[in-house]
Amino acid sequence: RKEVEQDPGPFNVPEGATVAFNCTYSNSASQSFFWYRQDCRKEPKLLMSVYSSGNEDGRFTAQLNRASQYISLLIRDSKLSDSATYLCVVTRALNDYKLSFGAGTTVTVRA
Amino acid sequence: NAGVTQTPKFRVLKTGQSMTLLCAQDMNHEYMYWYRQDPGMGLRLIHYSVGEGTTAKGEVPDGYNVSRLKKQNFLLGLESAAPSQTSVYFCASSYSAGSSYNEQFFGPGTRLTVL
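Residues numbered from 1 in each chain as written. Chains lettered and ligands numbered in written order. Predicted model: local features only at pLDDT ≥ 70, side-chain atom pairs only at ≥ 80, totals over all residues. Heavy atoms only, no water.

1. Focus on the interface of chain B and chain A
Many authors give the size of an interface as the accessible area that is lost as the parts come together.
Moving on, step 1. Contacts between the two partners involve 25 residues from chain B and, on the opposite side, 21 residues from chain A.
Moving on, step 2. Between chain B and chain A, roughly 1,900 Å² of surface is buried when both sides are summed, and carbon and sulfur atoms account for 56% of that area.
Moving on, step 3. Counting every contact that joins chain B to chain A gives zero salt bridges.
Moving on, step 4. At the junction of chain B and chain A, the tally comes to two residue pairs in polar contact (both at pLDDT 80 or more).
Moving on, step 5. Counting only elements with at least two residues in the side of chain B that touches chain A, the list comes to β4 (31-37) and β5 (44-49) of chain B.
Moving on, step 6. The element best represented in the side of chain B that touches chain A is β4 of chain B, accounting for four residues.
Moving on, step 7. Taken together, the residues that form the side of chain B that touches chain A break down as 13 nonpolar, nine polar and three charged. (Contact = heavy atoms within 4.5 Å. Buried area = accessible area lost by both parts, 1.4 Å probe. Salt bridge = Lys/Arg side-chain N within 4 Å of Asp/Glu carboxyl O. Polar contact = N/O pair within 3.5 Å; in protein donor to acceptor, adjacent residues only side chain to side chain. Helix = DSSP H or I, 4+ residues; strand = E, 2+ residues; numbered from the N terminus. Nonpolar A, V, L, I, M, F, W, Y, C, P; charged D, E, K, R; others polar.)

Next up, the structure:
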């Protein structure tokens, strides 16, 4: 079983729509959670950290469900520029600097 | 402030050839990492370093070697390239651990094809 699993998509949505997707992780000891964004043929960049109580950053909302071992990302009012692959990332343990990456969920926003 | 840079950007090798990928960062980060990214798979850690002069194996280290002689540089070597090493290679760096927030900064990647 992969440590981090994501629905690869693609999620094709019109501008202005809301899109949401999840990722599951297998290691119950995982302590830190992130969403990274990767544009086509570019390097990954941190989008946002995911906190236990859930958090928002503008149009992006991240949630963590430790009991079911999944995190989610919701994008409201989608923009063309949101088209990218979103990588779910977890650490294995507290203060572990090594990251485990999911294969990514591709989102395409159409005009 | 260039962040993380990688050279070369592209390379084609024949089976059995050797090469070195160079990663440099100007953020004074202690930790540096080498990943490979293949279609349908997440980034996989090859080797990493927690400081100048130290290196350690990641989850897919076979066929690769690394060196960290200077804090700002992290080199990845392929001694005898194989077609299975065709991939996109990313270098990353980060501050030291000890925080619940630990962002890794990535270089632009090296696209390597082994024929």
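On we go.
2. A word on the sheet that holds strand β8 (residues 70-75) of chain A
Residue and element names in this part refer to chain A.
Moving on, step 1. A sheet is described by the order of its strands in space; here five strands give the open sequence β1-β3-β8-β7-β6, paired in antiparallel fashion. The open sheet terminates on both sides in strands that have one partner only, identified here as β1 (4-6) and β6 (55-57). The mean angle between the axes of side-by-side strands here comes to 20°, regardless of whether they run parallel or antiparallel.
Moving on, step 2. Inspection of the sheet shows β1 paired to strand β3 (residues 19-25) by three bridges, in the antiparallel sense. Bridge pairing links glutamine 6 to cysteine 23 in β3. (Pairing = 2+ DSSP bridges. Axes fitted to C-alpha atoms, helices over the stretch in contact; angles between N-to-C directions.)

3. Details of unusual backbone geometry
Moving on, step 1. Each neighbour pair has its own omega, and for glycine 9 of chain A with proline 10 of chain A the value is 5°, a cis peptide bond.
Moving on, step 2. By the secondary structure assignment, proline 10 of chain A is in the loop between β1 and β2 (11-14).
Moving on, step 3. Residue proline 8 of chain B is bonded to the preceding threonine 7 of chain B through a cis peptide linkage, with omega at -5°.
Moving on, step 4. With respect to the helices, strands and loops of the structure, proline 8 of chain B is situated in the loop between β1 (4-7) and β2 (10-13).
Moving on, step 5. Here the phi dihedral of aspartate 77 of chain A falls at roughly 50°; this positive angle occurs in a residue that is not glycine.
Moving on, step 6. Within the secondary structure layout, aspartate 77 of chain A lies in the loop between β8 and β9 (84-91).
Moving on, step 7. On the basis of relative accessibility, which here comes to 37%, the residue aspartate 77 of chain A falls in the partly exposed class. (Buried < 20%, exposed > 50% of the residue type's maximum accessible area, 1.4 Å probe, protein only.)

4. Side note on the state of the cysteines
Note: disulfide means a covalent bond formed between the sulfur atoms of two cysteine side chains.
Moving on, step 1. Across all of its chains, the model carries two disulfides over all chains by this definition.
Moving on, step 2. In this model, cysteine 23 of chain A is linked to cysteine 88 of chain A through a disulfide, with the two sulfur atoms separated by 1.9 Å. Pair noted here: cysteine 23 of chain A is in strand β3 and cysteine 88 of chain A is in strand β9, with a separation of 65 residues, a long-range link.
Moving on, step 3. Given a relative accessible area of 1%, cysteine 23 of chain A falls into the buried group.
Moving on, step 4. Here cysteine 23 of chain B pairs with cysteine 91 of chain B through a disulfide, and the sulfurs are 1.9 Å apart. Sign of the S-S torsion, about -75° for the bond between cysteine 23 of chain B and cysteine 91 of chain B, identifies this disulfide as left-handed. Remark: cysteine 91 of chain B occurs in strand β9 (residues 87-94) and cysteine 23 of chain B occurs in strand β3 (residues 19-25); sequence separation between them is 68 residues. Judged on exposure class, the residue cysteine 23 of chain B and its partner cysteine 91 of chain B are both buried. (Disulfide = S-S within 2.5 Å.)

5. Description of the pairing of strand β7 (residues 60-65) of chain A
Residue and element names in this part refer to chain A.
Moving on, step 1. Note: β6 against β7, three bridges, orientation antiparallel. Bridge pairing in β7 links asparagine 55 to alanine 62.
Moving on, step 2. What sits between β6 and β7 in their antiparallel hairpin is a turn of two residues, with glycine 58 showing a positive phi close to 65°.
Moving on, step 3. Note that β7 and β8 share six bridges and pair antiparallel. Bridge pairing in β8 links threonine 61 to leucine 74.
Moving on, step 4. If you look at the hairpin formed by β7 and β8, you'll find four residues sitting between the two strands, and glutamine 69 has a positive phi there, around 55°.

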